[in-house]
Amino acid sequence: MAYAITRTCCNDASCVSVCPVNCIHPTPDEPDFGRTDMLYIDPAACIDCGACADACPVDAVFPVDRLTGPDAVYGELNRDWFRDHPADHAWGAPVFPRSLPAGLDLGAGPLRVALVGTGPSASYTAQALLRSTGAEVTMIDRLPVAGGLLRHGVAPDHQSTKRIAESFASVFHDPRLRVHLNVEVGTDLGHAELAAHHHAVVYAVGAAADRRLGVPGEDLPGSLPALTFVRWYNAEPTVPADAVALDAGTGPGAERAVVIGNGNVAVDIARILLTDPDRLAATDIADHALAALRRSPVREVVLVARRGPEDAAWTAPEFLALTQLPGVDVVVDDRPEVRAALAAAPAGSSAALLAGLPLERVDGTAPPRPGRRIVLRFHAAPAELLGDGRVEAVRLAGTGTGTGNRADLAGTGDLLRTGDLLRTALVVRSIGHRGVPVPGLPFDDTAGTVPHAGGRVLDPATGRPLPGTYLVGWAKRGPSGGIGANRACAEETVHALLDDAVAGALPIPSGDRRSFDRLVRTRRPDALGLRQLRAIDRAERARGEATGRPRVKLPTVPALLAAARR
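Residues numbered from 1 in each chain as written. Predicted model: local features only at pLDDT ≥ 70, side-chain atom pairs only at ≥ 80, totals over all residues. Heavy atoms only, no water.

What follows concerns the environment of Pro110. Inspection of the secondary structure puts Pro110 in the loop between helix 2 (73–84) and strand 5 (112–116). The exposure class assigned to Pro110 is partly exposed, which follows from its relative accessible area of 39%. C-alpha of Pro110 to C-alpha of His199: the two residues are 89 residues apart in sequence and 9.1 Å apart in space. Apart from residues no more than four positions distant in its own chain, Pro110 is found in contact with Gly134, Glu136 and His199. (Helix = DSSP H or I, 4+ residues; strand = E, 2+ residues; numbered from the N terminus. Buried < 20%, exposed > 50% of the residue type's maximum accessible area, 1.4 Å probe, protein only. Contact = heavy atoms within 4.5 Å.)

Encoded structure:
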């Protein structure tokens, strides 16, 4: 019986390299890699050896005959992908890890690389450098704990996805790695100081700002960005426990939440809001979020999308998980343009996933009907948020079949005044992220990115690379792609860095590793290292073991610092 990849696929292609018959696609050297929702196993070519299941870092691969319940559909999804994407299973030329030539003189000792960030993109970068070169790597993070997106972005009910952190264990036990936590680059240390002690500096800082709606009432209490909501339920220590109030509303909208957007983050938020808190109690969700969800009156979540179902931004695995949430109905708000899109939906499209869901015209001015449900509202844009002191409603403007951009709303003044009203006490804006300026680096404020070419940061004045300065992850490619996409992204940046090392294009640092450690201790006496990071991990795991959970996160900076020094 063939194997199949299921919804927790991380797309990092660990399975591809161990498959003896090359039956897993798309591979990293194929055009579709990074563009599909997941990887797929061809049942006609699979020899049932199980090597892919052993290599998968997130336990996403199973024999098809073991897939039951909600996961049974993935046998069909794997098979059907190859119906539309015939694959050549012949092996291409072998690809070997990059390394530096023996005896290469870089000046000032071995290659030293500073990584700003400790999330998946930084970890993949450190892994590539430590495995294939004799480099010394220093990782720096503004928080007192490592993990980045893995710790503070992945939803708590996706524990298998978080398991990918185990594949980075060798990185954090390598004697050539040093870690400086609770140190903020741009405040405690500048780029020039990092460059003075390292041959190269790689920024893995993500896309830390949310995009704004640009509508009246956006800043009312009860309206917040998705980043805040996600960090809140993941115990990110800079987000206070009272940042989200689920029970602060009154009136007909108190039991309804509105999420603007329909990407995977929006789907995560809707799922967390309506999942039975007893199920979440077995995860690493923040204690304050779990308590708030137990008190929450929210029974209905409306996902509002500017475009139609054919342009939905969620991935198929995430949407399927949403439709299989116990005790929660998923309905489509009934509109003529939505019916037309569903009728014309080709097999395998985003719109085709909605086949079989009930179509209902939802009255957003009335309290939600009994039970819990998720409403998918398409072709609607928020025109304004209304309320006296806090959000009480969202007025929606229809976007027809246009792109849903603000320009599409020009000349629709009557619609803006009389459009649909959704009574609600909570609005979460999930319309994407953007980068923030990094002190010492150029920044394109319009695009919200640092200009680069293949990971090399560019000087906007000359268009040439800034020596020894690189990007990886969302800071490099923008807010797209899941955790596993960072593997190929990191390899591209590492290749560029090694090419520059061989070409003699890396600056020679004037300071050494020991002087950098002294500089950090001087600037941040409360900086933490690997020993303290392990103490935090032990403390959180011990708290979790006492309550039958994987861990109970320490939710504040003082609590993390106290655990680090016990």
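A few words now on the packing of aromatic side chains. The tally for this structure, following the rule as stated, stands at 7 aromatic pairs. Ring centres of Trp314 and Phe319 lie 4.4 Å apart, and the angle between their planes is 20°; this geometry places the pair in the stacked category. On the basis of relative accessible area, Phe319 is assigned to the buried category, the value being 0%. (Phe/Tyr/Trp six-rings, centres within 6.5 Å; stacked < 30°, edge-to-face > 60°.)

Attention shifts here to empty space enclosed by the protein. This structure, assessed with the given rule, holds 3 cavities of 30 Å³ or more. Estimates place the volume of the largest cavity at around 90 Å³. In terms of lining, the largest cavity is formed by 14 residues, of which the most central are Cys9, Cys10, Asp12, Cys15 and Cys56. Grouping the constituent residues of the lining of the largest cavity by class yields 11 nonpolar, 2 polar and 1 charged. Estimates place the volume of the second largest cavity at around 70 Å³. What lines the second largest cavity is a set of 13 residues, and nearest its centre among them are Cys19, Cys23, Cys46, Cys49 and Cys52. (1 Å grid on protein atoms, 1.4 Å probe; cavity = no way out; pocket = protein on both sides within 12 Å on 5 of 7 lines; lining within 4 Å. Points joined across faces, edges and corners; volume = space filled by probe spheres on them. Nonpolar A, V, L, I, M, F, W, Y, C, P; charged D, E, K, R; others polar.)

The subject of this paragraph is the sheet that holds strand 17 (residues 393–398). With antiparallel pairing, the 3 strands of this open sheet are ordered in space as 16-17-18. The strands lining the two open edges of the sheet, one partner per strand, are strand 16 (380–386) and strand 18 (421–423). Between one strand axis and the next, the sheet turns through 30° on average, direction left out of account. Here strand 16 pairs with strand 17 via 6 bridges, running antiparallel. Pairing of Ala380 across the sheet is with Gly398, part of strand 17. (Pairing = 2+ DSSP bridges. Axes fitted to C-alpha atoms, helices over the stretch in contact; angles between N-to-C directions.)

This part covers the nonpolar core. Ile5, Ile24, Leu39, Ile41, Met139, Phe172 and Leu497 are the most contacted members of the largest nonpolar core, which has 76 residues in total. For Leu497, the contacting residues outside a window of four places in its chain are Leu111, Val113, Ala200, Val202, Tyr470 and Leu506. Core analysis: the second largest hydrophobic core is formed by 47 residues, Val267, Ile285, Leu290 and Leu303 among them. (Core = buried A, V, L, I, M, F, W, Y, C linked by side-chain atoms within 4.5 Å.)

As a further point, take the side chain of Glu300. Take Glu300: it is sitting in strand 12 (residues 300–304). Here Arg256 takes part through its side chain, which lies 2.6 Å from a polar atom of the side chain of Glu300. With residues near it in sequence (within four places) discarded, Glu300 still touches Glu255, Arg256, Ala257, Leu274, Pro368, Arg373 and Val375. (Polar contact = N/O pair within 3.5 Å; in protein donor to acceptor, adjacent residues only side chain to side chain.)

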